[in-house]
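Residues per chain are reported as follows:
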Amino acid sequence: MMKFLTCLLMTGCVAFSASAQFGLTPAQRDSLNKLTAADHADMLQQLGITAGQLRKGPSGNPKDPNAANSSEAKVNQYNLPDPLTFKNGQKVKNAREWTEKRRPEIAADFETEIYGKLPAQIPAVNWQIVSDKDTLVGNQAIRQKILKGIVDNAAFPSMKVEISLLLTTPASAPAVPVVLEFGFIRSPFNPGPIKPIGLGSAAEPTWQEQLISRGWGYAIIEPASIQADNGAGLTAGIIGLVNKGRRRKPTDWGALRAWAWGASRAIDYFEKDKNVDAKRIAIEGLSRYGKAAIVAMAFEPRISLGFIGSSGAGGAKILRRIFGEQVENLASSGEYHWFSGKFIQYASKNTPDDLPVDAHELIALCAPRPVFISAGSPQVEGHWIDARGMFEAAAHADAVYKLFGKKDLGTMQFPKLGTPLVDGEIAFRQHAGGHSTGPNWSTWIAWACRYWGDCKYD
Ligand code: GCU
């Protein structure tokens, strides 16, 4: 799994999806890529952009002549939009003005320019328990439920969407806090009985064991069961179901919002499950799923804590910063499906500097809720994900958190590798490992304990 994500990361992005493409024959893969290219071309046409007017992104392979910038000395100067200045130029004076007036302006910009809007009518989800059993994680007794969220398809019966969700809570515990991960319930490489896909190193317990031993639960939702991770899939999944199998319009939602919508539906279920304390739900994800995690937290107020792993461009990284992955990569046929079609314009008619918002404001949308931004080491993870770009966004979300009397990172200086900046509601740590949240789990749990309390071993 880690190897797989690392290889994705190093080779830059091709039309690829872990669960959708795994196990496909080369011919099937080829046909999927062709369908994706056709959908991408259709969106360009709707936007009035010719293929030649679309700028190409740099390569994720450091050896390529067009490799992405990985030198701080070559980073451009950029001006960040001020989260506390209204569109009419006036300044936000207090938390109430932020919540009632400025926050909606910023949220609307993210919707119209980057991630797309949720459709007015999205069919309901009916959760069914597929299995419910007592079992073990490591040597700890747990209760594990497998659920499926059946989306009402009465309006378009030929399309089926069934969301896969796993919920694990300590055995015979009362309602516990739960970390919801965007991830894989079964390893895509080893489809067999469910075993925790420990991303931690062999020397430490898996993240699942760490959470259970704290007396907390975890859940995993499979993004591909909500919306495929490729452009070819946009006429299916929840996006395709709402559009009755037709292609997207430029302002329609992309996969990140669709995945985040699925997480919200899981929370609807958690509110009814007596093993879960739905007031203490965290969201966690890595890489593209880290992007989904920050989008989910920004738009879903019921999420109480965030653990945003190596989310990079389109997630917690400043999009204006020329370092690592760029908007031009996100607009390519391999990644445009994560966003609204309209976002492609920023790699053509417009530039990232024209964006009315940037990632510091995506983090600010989470305020005052605590959010932890995680990255790996540049030596192991590479530079593509741009740890510093994520730090800058976290640092510049400070003004909004301070309006609420919350603590920021406590510094504007990029910290040395491994330094935990965990004193406040915006937290950051770059661990010494690769493309994983694994080595930051114990730091995250200790930080989360401050907010969730009742840690078993306190
Ligand atoms: C590619 C892509 C990133 C993404 C990553 C992943 O590297 O360019 O934006 O985060 O894949 O999800 O593994």
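Look above for the structure.
This section reports on the structure supplied with the text. Keep in mind the model is a prediction, meaning the values are calculated, not measured.

Thresholds, definitions, all that
Residues numbered from 1 in each chain as written. Predicted model: local features only at pLDDT ≥ 70, side-chain atom pairs only at ≥ 80, totals over all residues. Heavy atoms only, no water. Helix = DSSP H or I, 4+ residues; strand = E, 2+ residues; numbered from the N terminus. Buried < 20%, exposed > 50% of the residue type's maximum accessible area, 1.4 Å probe, protein only. Contact = heavy atoms within 4.5 Å. Lys, Arg positive; Asp, Glu negative; His and termini not counted. Charge placed at Lys NZ, Arg CZ, Asp CG, Glu CD. Salt bridge = Lys/Arg side-chain N within 4 Å of Asp/Glu carboxyl O. Expected span 1.5 Å × (residues − 1). Arc of directions from axis to C-beta. Axes fitted to C-alpha atoms, helices over the stretch in contact; angles between N-to-C directions. Left-handed = near helix turned anticlockwise from the far one by under 90°. Nonpolar A, V, L, I, M, F, W, Y, C, P; charged D, E, K, R; others polar. Phe/Tyr/Trp six-rings, centres within 6.5 Å; stacked < 30°, edge-to-face > 60°. Lys NZ or Arg CZ within 6 Å of the ring centre and 35° of its normal. Core = buried A, V, L, I, M, F, W, Y, C linked by side-chain atoms within 4.5 Å. Pairing = 2+ DSSP bridges. Polar contact = N/O pair within 3.5 Å; in protein donor to acceptor, adjacent residues only side chain to side chain.

### Details of the overall build of the chain
Logical step 1: From N to C terminus, the chain includes 14 helices and 9 strands.
Logical step 2: Here the C-alpha coordinates of the chain stretch approximately 60 × 50 × 45 Å along the principal axes.
Logical step 3: Each of the 458 residues in the chain was classed as buried or not, and the buried ones make up 58%.
Logical step 4: Within the chain, counting contacts between residues at least 6 apart in sequence, those at least 24 apart form 71% of the total.
Logical step 5: Charged side chains in the chain number 51 positive and 44 negative. The centres of these two groups are separated by 2 Å.

### Remarks on the pattern of salt bridges
Logical step 1: Across all of its chains, the model carries 30 salt bridges by this definition.
Logical step 2: Members of the salt-bridge network, linked through shared partners, are Glu72, Lys317, Arg321, Asp386, Arg388 and Glu392.

### Some words on helix H3 (residues 26-47)
Logical step 1: Taking 1.5 Å of rise per residue, the 22 residues of H3 would be expected to cover 32 Å, and the 31 Å separating its terminal C-alpha atoms lies within 8% of that figure.
Logical step 2: Along H3, the positions that sit buried rather than exposed are Leu32, Thr36, Asp39, His40, Met43, Leu44 and Leu47. Angularly, the buried residues of H3 cover 145 degrees about the axis, an arc narrow enough to put them on a single face. Within H3, the exposed residues directed more than 90 degrees away from the buried face are Ala27, Lys34 and Gln45.

### Regarding the packing of helix H4 (residues 95-115) against helix H8 (residues 288-299)
Logical step 1: The interhelical angle for the contact between H4 and H8, taken along N-to-C directions, is 140 degrees, at an axis separation of 11 Å. The hand of the H4/H8 crossing is left-handed. Where H4 approaches H8, its residues Arg103, Ala107, Phe110, Glu111 and Tyr115 are matched on the opposing element by Val295, Ala298 and Phe299.
Logical step 2: Of the residues belonging to the contact of H4 with H8, the class tally is 6 nonpolar, no polar and 2 charged.

### A few points about the packing of aromatic side chains
Logical step 1: Per the counting criterion, the structure on display carries 24 aromatic pairs.
Logical step 2: For the pair Phe343 and Tyr346, a centre-to-centre distance of 6.3 Å together with 40 degrees between the ring planes defines the contact as tilted.
Logical step 3: Since its relative accessible area comes to 1%, Phe343 is described here as buried.
Logical step 4: With a centroid separation of 5.5 Å and 70 degrees between ring planes, the pair formed by Phe372 and Trp447 is classed as edge-to-face. Linking Phe372 in strand S8 (residues 371-375) with Trp447 in helix H14 (residues 441-452), this pair joins segments that are 75 residues apart in sequence.
Logical step 5: Under the relative-accessibility criterion, Phe372 is labelled buried at 0%.
Logical step 6: Through a chain of ring-to-ring contacts, the aromatic side chains of Trp207, Trp216, Tyr218, Phe307, Phe372, Trp441, Trp444, Trp447, Tyr451 and Trp452 assemble into a single cluster.
Logical step 7: Lying across the ring of Phe299, Arg257 places its NZ or CZ 3.8 Å from the centre.

### Here we look at the nonpolar core
Logical step 1: Of all hydrophobic cores here, the largest spans 101 residues; its most connected members are Leu165, Phe182, Phe270 and Ile363.
Logical step 2: With sequence-adjacent residues up to four places away left out, Leu165 is seen in contact with Trp127, Lys145, Ile146, Leu147, Leu180, Ile185, Ala219, Ile220, Ile221, Ala266, Tyr269 and Phe270.
Logical step 3: Core analysis: the second largest hydrophobic core is formed by 26 residues, Leu211, Phe372, Ala427 and Ala448 among them.

### Examining the sheet that holds strand S1 (residues 125-137)
Logical step 1: Here we have 9 strands laid out as an open sheet, ordered S1-S2-S3-S5-S4-S6-S7-S8-S9, and mixed in their pairing. Lying at the two open borders of the sheet, with one neighbouring strand each, are S1 and strand S9 (426-430). Sheet twist, expressed as the mean angle between neighbouring strand axes with direction ignored, is 20 degrees.
Logical step 2: Where H14 meets the sheet, it contacts strand S4 (176-182), strand S6 (276-286), strand S7 (305-309), S8 and S9, and its direction lies at approximately 165 degrees from that of S7.

### Re the environment of Asn153
Logical step 1: On the secondary structure map, Asn153 appears in the loop between strand S2 (140-151) and strand S3 (162-170).
Logical step 2: Aside from chain neighbours lying at most four places away, what touches Asn153 is Met159, Lys160 and Leu241.

### What to know about the packing of helix H7 (residues 255-270) against H8
Helices that pack against each other are described as a pair by the angle of their axes relative to one another and the distance between those axes.
Logical step 1: Contact geometry for H7 and H8: axes closest at 8 Å, N-to-C directions at 65 degrees. Between H7 and H8 lies a crossing of right-handed hand. Contacts from Leu256, Arg257, Trp259 and Ala260 in H7 reach Arg288, Tyr289, Lys291, Ala292, Val295, Ala296 and Phe299 in H8.
Logical step 2: Tallied by class, the residues present in the contact of H7 with H8 amount to 8 nonpolar, no polar and 3 charged.

### A look at the side chain of Glu97
Logical step 1: Assignment of secondary structure puts Glu97 in helix H4.
Logical step 2: What makes Glu97 buried here is its relative accessible area of 16%.
Logical step 3: Looking at Glu97, its side chain comes within polar contact range of the main-chain nitrogen of Lys93, at 2.9 Å.

### So, unusual backbone geometry
Apart from glycine, the bulk of residues carry a negative phi angle, and the bulk of peptide bonds sit in the trans form.
Logical step 1: Omega for the peptide link from Ala367 to Pro368 comes to 0 degrees, which places this bond in the cis form.
Logical step 2: With respect to the helices, strands and loops of the structure, Pro368 is situated in the loop between helix H10 (359-364) and S8.
Logical step 3: In the Ramachandran plot, Ser172 falls in the positive-phi region, its phi being about 45 degrees despite a non-glycine side chain.
Logical step 4: Summarising the element assignment, Ser172 is placed in the loop between S3 and S4.
Logical step 5: Classification of Ser172 as exposed rests on a relative accessible area of 82%.

Honestly, it's all geometry; don't read function into it.
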